[in-house]
Amino acid sequence: MERGRALDRTALAAFAGGFGGRVVRPDDPDYDQARAVWNAIFDRFPACIAQCGAVEDVVAALRFAREQELTIAVRGGGHSAAGFSTCDGGMVLDLRPMQGVTVDSRRRTVTVGAGAHLSQLDEATQTVGLACPVGVIGHTGVAGLTLGGGMGRLQRRYGLTIDNLLGVELVTADGRLARADESENSQLFWGVRGAGANFGVVTSFRFGLHPVGPVVVQGVVVHPLERAHDLAEQFRQLVADAPDELMMSLEFRVATDQPPYAPGMAGRRVVLIELTYCGPVGGADRYLSPLRAGRPMLDTVQPRSYLAVQTRKEEMLAWGHRFYMKNAFFPAITDEIVDLCASRLCDAPGTCSVGFMAQGGAIARVPEDAMAFTGRGAAFWCGIETVWDEATRDDAHIGWGRATMAALKPFTSRGHYVNDVVEAGEDVVRGIYGDTKYDRLAALKRAWDPDNVFRLNQNVVPGPLD
Ligand SMILES: Cc1cc2nc3c(=O)[nH]c(=O)nc-3n(C[C@H](O)[C@H](O)[C@H](O)COP(=O)(O)OP(=O)(O)OC[C@H]3O[C@@H](n4cnc5c(N)ncnc54)[C@H](O)[C@@H]3O)c2cc1C
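Anyway, here's the lowdown on the structure attached to this text. (Residues numbered from 1 in each chain as written. Predicted model: local features only at pLDDT ≥ 70, side-chain atom pairs only at ≥ 80, totals over all residues. Heavy atoms only, no water.)

Below, the discussion takes up the packing of aromatic side chains. Aromatic ring pairs: the centre-centre distance and the angle between the two ring planes describe each pair. One pass over the full model with this rule turns up 11 aromatic pairs. Ring geometry for Phe 15 against Phe 64: centres 4.4 Å apart, planes inclined by 5°, an arrangement best described as stacked. With Phe 15 in helix 1 (residues 9-18) and Phe 64 in helix 3 (residues 55-67), this pair connects stretches of sequence that are 49 residues apart. Here Phe 15 matches Phe 64 in class, with each residue buried. With 5.9 Å between their ring centres and 35° between their planes, Phe 235 and Phe 380 make a pair best called tilted. One end of the pair, Phe 235, is in helix 8 (residues 228-241); the other, Phe 380, is in strand 19 (residues 380-388), with 145 residues separating them in the sequence. With respect to burial, Phe 235 and Phe 380 carry one shared label: buried. Through a chain of ring-to-ring contacts, the aromatic side chains of Phe 329, Phe 373, Trp 381 and Tyr 417 assemble into a single cluster. Taking NZ or CZ as reference, Arg 193 lies 3.8 Å from the ring centre of Phe 189, over its face. (Phe/Tyr/Trp six-rings, centres within 6.5 Å; stacked < 30°, edge-to-face > 60°. Helix = DSSP H or I, 4+ residues; strand = E, 2+ residues; numbered from the N terminus. Buried < 20%, exposed > 50% of the residue type's maximum accessible area, 1.4 Å probe, protein only. Lys NZ or Arg CZ within 6 Å of the ring centre and 35° of its normal.)

Next comes the structure, spelled out in structure tokens:
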């Protein structure tokens, strides 16, 4: 098995000796642990992993990697579905040790280190009754999630994570420290919010916060797949009536043996509505009653602590499995789409799902051209996901994901959510942002990373010189 390129040992030893963080090499006992990323498909063997505890470590690691002409993989939470935060033979610039979270409850802001997970951010902010809208799985990295957009349970009330981003500090490709916010490097700040993995190593994020919880109403109502059309109609009604406090998704899914599914449900094809209501607890009842009248096979909706909700799905999407996904935006969920989803689910090779998350609310009130992120005007975001363990089943699962998206493609609207795109290439990245935004990003890339040092991402190729 490949164990990483032989680096110039003397140079590496000199670098490691003066480095403020820790350099993990292939011979170190914890190398395998240090190189692992969330998606088990990406079993890569970097030449070294530079674990950075401070901004100066990032500067030093970047300088060394550039001197040695090493490919650089920047790693926050390690969740990239496309495996961008690792590589063979290069350097992983590992930000995990930078996990500080500092809340300013008076100003309602928080400063977060680039190695923090969503659950660390949630825990720190909830101690003072506040929250930043982030994703739905606590072990996701704040960094990668934010740099791509950040969708989650509070998005209709308080927007995407980037809608709450006040500014970032970063180390540029040539090792300088820079800030980007609305008043300083504002063009860069535009690009960071949706294409942020392209321009530098972001070392800290500052977000605005909102009063949330401590209790919200959350759960799922689950029905057999045969009731797909009824449930889709209930979902459309719910979306039409929903206040911003209500977040909902419609999912076609093969049930597993993990909560929220009841024992004995594993393998059943089901359709479900998940909802989170972040307003006063009693306010959820009027939206729940019609859903309960349909006598679901499972109903888990109840008041829960926001923190418990944010970690509820961690086991379902735990580390170490193989994972593939496709995503797109949709203007509507028609009967034809429902039929297609149901039929694709019947052909699923294992744990598979097609989910539609409602957008609208605060997301839709931000103009489409305000940031690099593309797709906020669509009514729904759709994720097609599949999880498995055996490498021999890769073709079956990846093939299912691709065929399902191919079937749904005629119904999609423009753009894709960058964080959930697994395929790569310039045409793919143009498809994420559209030509106008892509060209603007390419000019920014030319200004901030002309040598394309940061290319393990949905890569924007530096544009031509003016
Ligand atoms: C289980 C699971 C659940 C998810 N749930 C959600 C969700 O609810 N909402 C949502 O919006 N998304 C969700 N995602 C997608 C998630 O936002 C992306 O996978 C995101 O890139 C993860 O960030 P990370 O820091 O963990 O990843 P990493 O793999 O560490 O990084 C992802 C990308 O960002 C780059 N990067 C990381 N840190 C930095 C940095 N500091 N500076 C510059 N570049 C950096 C990396 O080089 C890489 O290209 C989920 C993903 C998974 C696997």
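Now that the structure has been shown, the text picks up again.
Inspection of the secondary structure assignment puts Gly 196 in the loop between helix 7 (186-195) and strand 10 (201-208). Using a relative accessible area of 2% as the deciding quantity, one classes Gly 196 as buried. C-alpha of Gly 196 to C-alpha of Gln 458: the two residues are 262 residues apart in sequence and 9.8 Å apart in space. When residues no more than four places from it in sequence are discounted, the contact partners of Gly 196 are Leu 147 and Gly 191. (Contact = heavy atoms within 4.5 Å.)

Glancing now at the site of the ligand. The local shell around the ligand holds 33 residues, among which Val 74, Gly 76, Ser 85, Met 151 and Tyr 417 are the closest. One of the backbone nitrogen or oxygen atoms of Val 74 is found 2.7 Å away from an oxygen atom of the ligand. About the coverage of the ligand: the protein hides 94% of its 940 Å² of free accessible area. Of all the elements in the fold, those that place two or more residues in the shell around the ligand are strand 3 (72-75), helix 5 (142-148) and strand 10. Counting residues per element, the shell around the ligand draws most heavily on helix 5, at 4 residues. Partitioning the shell around the ligand into residue classes produces 17 nonpolar, 14 polar and 2 charged. (Near = heavy atom within 4 Å. Polar contact = N/O pair within 3.5 Å; in protein donor to acceptor, adjacent residues only side chain to side chain. Areas by Shrake-Rupley, 256 points an atom, 1.4 Å probe, with all protein chains shown as cover. Nonpolar A, V, L, I, M, F, W, Y, C, P; charged D, E, K, R; others polar.)

This part is about the side chain of Arg 35. Among the secondary structure elements, Arg 35 is positioned in helix 2 (residues 31-35). Within the structure, the side chain of Arg 35 is placed 2.7 Å from the side chain of Asp 43, a separation counted as a polar contact. Of the polar contacts made by the side chain of Arg 35, one reaches the backbone oxygen of Arg 44; its length is 2.9 Å. In this structure, Arg 35 is in contact with Asp 43, Arg 44, Phe 45, Pro 46, Ile 49, Arg 75 and Thr 86, ignoring residues within four places of it in sequence.

Of note, the amide linkage connecting Gly 213 to Pro 214 takes the cis form, showing an omega dihedral of 10°. Residue Pro 260 follows Pro 259 across a cis peptide bond; omega there is 15°. One can find Pro 260 in the loop between strand 13 (246-254) and strand 14 (269-277). Its identity as a non-glycine residue notwithstanding, Asn 185 has a phi of 50°, on the positive side. Topologically, Asn 185 is positioned in the loop between strand 9 (177-181) and helix 7. Accessibility expressed as a relative area gives 30% for Asn 185, which makes it partly exposed. The backbone phi angle of Asn 452 is positive, close to 55°, even though this residue is not glycine.

Judged by nonpolar contacts, the single largest core of 68 residues is most densely connected at Met 91, Leu 93, Phe 205 and Leu 441. Residue contributions to this core peak at 6 residues, all from helix 3. The next biggest cluster of nonpolar side chains, apart from the first, holds 43 residues, and it includes Ala 284, Ala 328, Cys 382 and Phe 411. (Core = buried A, V, L, I, M, F, W, Y, C linked by side-chain atoms within 4.5 Å.)

Right, let's get into the pairing of strand 10. Among the 8 residues that make up strand 10, 7 are buried, leaving the element largely enclosed by the rest of the structure. The pairing of strand 6 (residues 109-113) with strand 10 spans 5 bridges and is classified as antiparallel. Counted as the bridge partner of Thr 111 is Arg 206 from strand 10. By the bridge criterion, 6 bridges tie strand 8 (residues 165-171) to strand 10 in an arrangement that is antiparallel. Paired with Gly 167 across the bridge in strand 10 is Arg 206. (Pairing = 2+ DSSP bridges.)

Position of His 223 relative to the elements: it lies in strand 12 (residues 215-224). Beyond its immediate stretch of four places on either side in the chain, His 223 contacts Leu 231, Val 270, Val 271, Gly 294, Arg 295, Pro 296 and Met 297. A distance of 2.8 Å separates a polar atom in the side chain of His 223 from a polar atom in the side chain of Arg 227.

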